[in-house]
Amino acid sequence: MEDDNIEKLGEDVERVGFGPRYNGKNSLKGRKIKILDSTLREGEQFPGCSFTNSQRVQIAWTLDFLGVDAIEISPIISRQHMEACKKIVQAGLNATIVAHGRALRKDLDQALECGVSFAAMYHSVSDIHLKYKLRVSREEALSRTLDAVDYAKAHGLQVRVTLEDASRADPQYVVAFAKELERAHVDRISLPDTVGVMTPSGMYSLIKRVKDGVKVPLDVHCHNDMGLALANSIAGLEAGAEQVHVTANGLGERVGIADLAQTSLVLRVLYNADVNIRFNMLFEIARLVEEYTSIPVPKSAPLVGGNAYKHKAGTHVAAVLRNPKTYELVPPKVVGNRRRLVFGGLLGKTGAEFLLKMFGIEAETETKKLVSGLKDLGIDLFELELTEEMEELLKKEQDVLNKVG
Ligand SMILES: [Zn+2]
């Protein structure tokens, strides 16, 4: 009954029902979307997050095996970061290693020292940042950036320029800036929503406006200050951006950016976009980064959180036992997570029967006793994580349950 094949999830009519009819036109279907993971750069800016060098290398290996298109790291932060960047470059991964720094020759020198072929430089473009953060004019911001781009190009680097705080900058200035960058042969331009001021339609408009002005491939990078990072990132991709920035567990400055697991799954399952990563490693990556950072993955985190596949209400448990699609859009196996059932005061007859059957008890009176006993206790007594063997038992049960019910 349950199909774990991700290729077919979005087209499984029983699973998605009439949902896609409401979702309507989908410009991302079949489109190749590149995933840049910035756990080692943006992620380390999350308060309390830092990695050792062996952890940085391990994360890069794991992300590469997962299949992300690019891995971003900032060698300019410290000597250790520089060493980690060198090691990751030497590892010969498939992913493009992007060295992140300011639009300064000295930062580019460090990127070159690491042996990367791709450098990302950032420069603020909003008036508030130019006035209070950098104390330079718009003209100076542009000329500084162009100088750094020329320097990078003269040294054979591929270059991405991030127009920091683009979402709060004068749109005419942003487009004019992007056109100058195109003339200077930059390879990518990243448009971030640095403080989370955008709505999805706003992010769409920003990306569309720049896309209409230049042919340079665009990146979208959205911060989650208002909880819209994922929605805004998707809107940016719909408007024509080709690469999305994510981190494991959504880590990043303040409250972070779009999450790797959510972004890739939404793109693959809901939009049917071409995102070829090993989805069944997503749970493992979330736990690896949780372990290295000691920053817990919230139980409420979609897909990889502890509650993502936990069913509690008696009616839900009964329905999931009959057919998991009743309350799960994406099967837990797809992301490497597991299904869990809560046995407590809300458990109904079907759930109690299933529990007793696992102990080899099949008696109506015992079931009734268990249900009323749990009700009297009124607490969540325990949770059962369904192992492979239990899932097998469940499959057999489903046939019986569906014949009866
Ligand atoms: Zn950022």
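Model, not experiment: these values are computed from the prediction. (Residues numbered from 1 in each chain as written. Predicted model: local features only at pLDDT ≥ 70, side-chain atom pairs only at ≥ 80, totals over all residues.)

A closer look at the overall build of the chain
Note the following rule: A run of H or I in DSSP counts as a helix once it spans at least four residues, and a run of E counts as a strand once it spans at least two, with each numbered from the N terminus. Our exposure labels follow a C-beta count within 10 Å of each residue's own C-beta, placed from the backbone: buried means 20 or more other C-beta atoms, exposed means 12 or fewer, and partly exposed covers the counts in between. Each residue is represented by a C-beta atom placed from its backbone, and any two residues with such atoms within 7 Å are regarded as in contact.
In terms of regular secondary structure, the chain is built from 18 helices and 11 strands. In terms of principal-axis extent, the alpha carbons of the chain reach across some 80 × 45 × 35 Å. Counting over 405 residues, the chain shows a buried share of 42%. Pairs at least 24 apart in sequence give 72% of the contacts found in the chain among residues at least 6 apart.

Comments concerning the sheet that holds strand 9 (residues 310-311)
Threshold: DSSP bridges decide pairing: two strands pair if at least two such bridges lie between them.
Taken in spatial order, the three strands line up as 9-10-11 in an open sheet, and their pairing is mixed. A strand with exactly one partner marks an edge of an open sheet, and here the two such strands are strand 9 and strand 11 (380-385).

Here we look at the domain arrangement of the chain
The test is simple: Domain start and stop points were drawn from an automatic or database domain assignment. The nonpolar class holds Ala, Val, Leu, Ile, Met, Phe, Trp, Tyr, Cys and Pro. Asp, Glu, Lys and Arg form the charged class, and all remaining residues, Gly among them, are polar.
The domains assigned to the chain are domain 1 (28-293) and domain 2 (310-404). Look at where the C-alpha atoms of domain 1 and domain 2 centre, and you get two points 43 Å apart. Contacts between the two partners involve nine residues from domain 1, matched on the other side by six residues from domain 2. Elements represented by at least two residues in the side of domain 1 that touches domain 2 include exactly helix 12 (260-270) and helix 13 (282-293). Classifying every residue of the side of domain 1 that touches domain 2 by side-chain character gives seven nonpolar, one polar and one charged.

Some remarks on the packing of helix 16 (residues 349-358) against helix 17 (residues 364-377)
The condition is simple: For helices, the axis comes from a line fit to the C-alpha atoms of the stretch in contact; other axes are also lines fit to C-alpha atoms, and the angle between any two N-to-C directions lies between 0 and 180 degrees. Helix crossings fall into two classes, left-handed where the near helix is turned counterclockwise from the far one by less than a right angle and right-handed where it is turned clockwise.
Where helix 16 meets helix 17, the closest approach of the two axes is 9 Å, and the angle between their N-to-C directions is 115°. In this structure, the crossing between helix 16 and helix 17 has a hand that is right-handed. Of helix 17, the residues touching helix 16 (which contributes K349, A352, E353 and L356) are E366, T367, L370 and V371. Across the contact of helix 16 with helix 17, the residue classes tally to four nonpolar, one polar and three charged.

A closer look at unusual backbone geometry
Excluding glycine, most residues fall at negative phi; most peptide bonds, likewise, are trans. Phi is positive for D165, which is not a glycine, with a value near 60°. Tracing the sequence through the fold places D165 in the loop between strand 5 (158-164) and helix 9 (171-183). One non-glycine residue, R254, adopts positive backbone phi at about 55°. Here R254 is to be found in the loop between strand 8 (243-246) and helix 12. Of the residues examined, R254 has 13 C-beta atoms within 10 Å and is grouped as partly exposed.

Details of the sheet that holds strand 7 (residues 218-222)
Strand order in the closed barrel formed by eight strands is 1-2-3-4-5-6-7-8, and the pairing between neighbours is parallel. Here the average twist between neighbouring strands, direction ignored, is 25°. Sheet analysis places strand 2 (residues 70-73) next to strand 3 (residues 96-102), joined by four bridges and oriented parallel. When the bridges of strand 3 are listed, E72 appears paired with V98.

Observations concerning the pairing of strand 7
Our working rule: Consider the strands pointing away from the viewer: the crossover is right-handed when the path from the first strand over the helix to the second runs clockwise.
Judged by how many residues are buried, strand 7 sits mostly within the fold: five of five residues are covered. By the bridge criterion, five bridges tie strand 6 (residues 188-193) to strand 7 in an arrangement that is parallel. Across the sheet, the residue bridging to D193 is C222, located in strand 7. Between strand 6 and its parallel partner strand 7, the chain crosses via helix 10 (residues 200-213), and the hand of that crossover is right-handed. One ladder, built from two bridges, connects strand 7 with strand 8; its direction is parallel. The residue of strand 8 that forms the bridge with V220 is V244.

Points about the nonpolar core
The line we're drawing: Here, a nonpolar core denotes buried Ala, Val, Leu, Ile, Met, Phe, Trp, Tyr and Cys residues that are linked to one another through C-beta atoms within 7 Å.
Core analysis: the biggest nonpolar cluster contains 97 residues, and I71, A119, I207 and V335 have the highest contact counts within it. Formed jointly, this core draws a minimum of three residues from each of two domains, domain 1 (28-293) and domain 2 (310-404). Dropping the residues within four chain positions of it, V335 is found in contact with A261, L265, F279, N280, L282, F283, L303, V304 and V330. Membership of the second largest hydrophobic core comes to 11 residues, among which are A318, L341, L347 and F354.

Examining the pairing of strand 6
Within strand 6, six of the six residues are buried, which leaves it mostly tucked inside the rest of the structure. The alternating pattern of strand 6 places R188, S190 and P192 and I189, L191 and D193 on opposite faces, both of which are buried. Direction of pairing for strand 5 relative to strand 6: parallel, over a ladder of three bridges. Along strand 6, the bridge assignment pairs R160 with R188. Between strand 5 and its parallel partner strand 6, the chain crosses via helix 9, and the hand of that crossover is right-handed.

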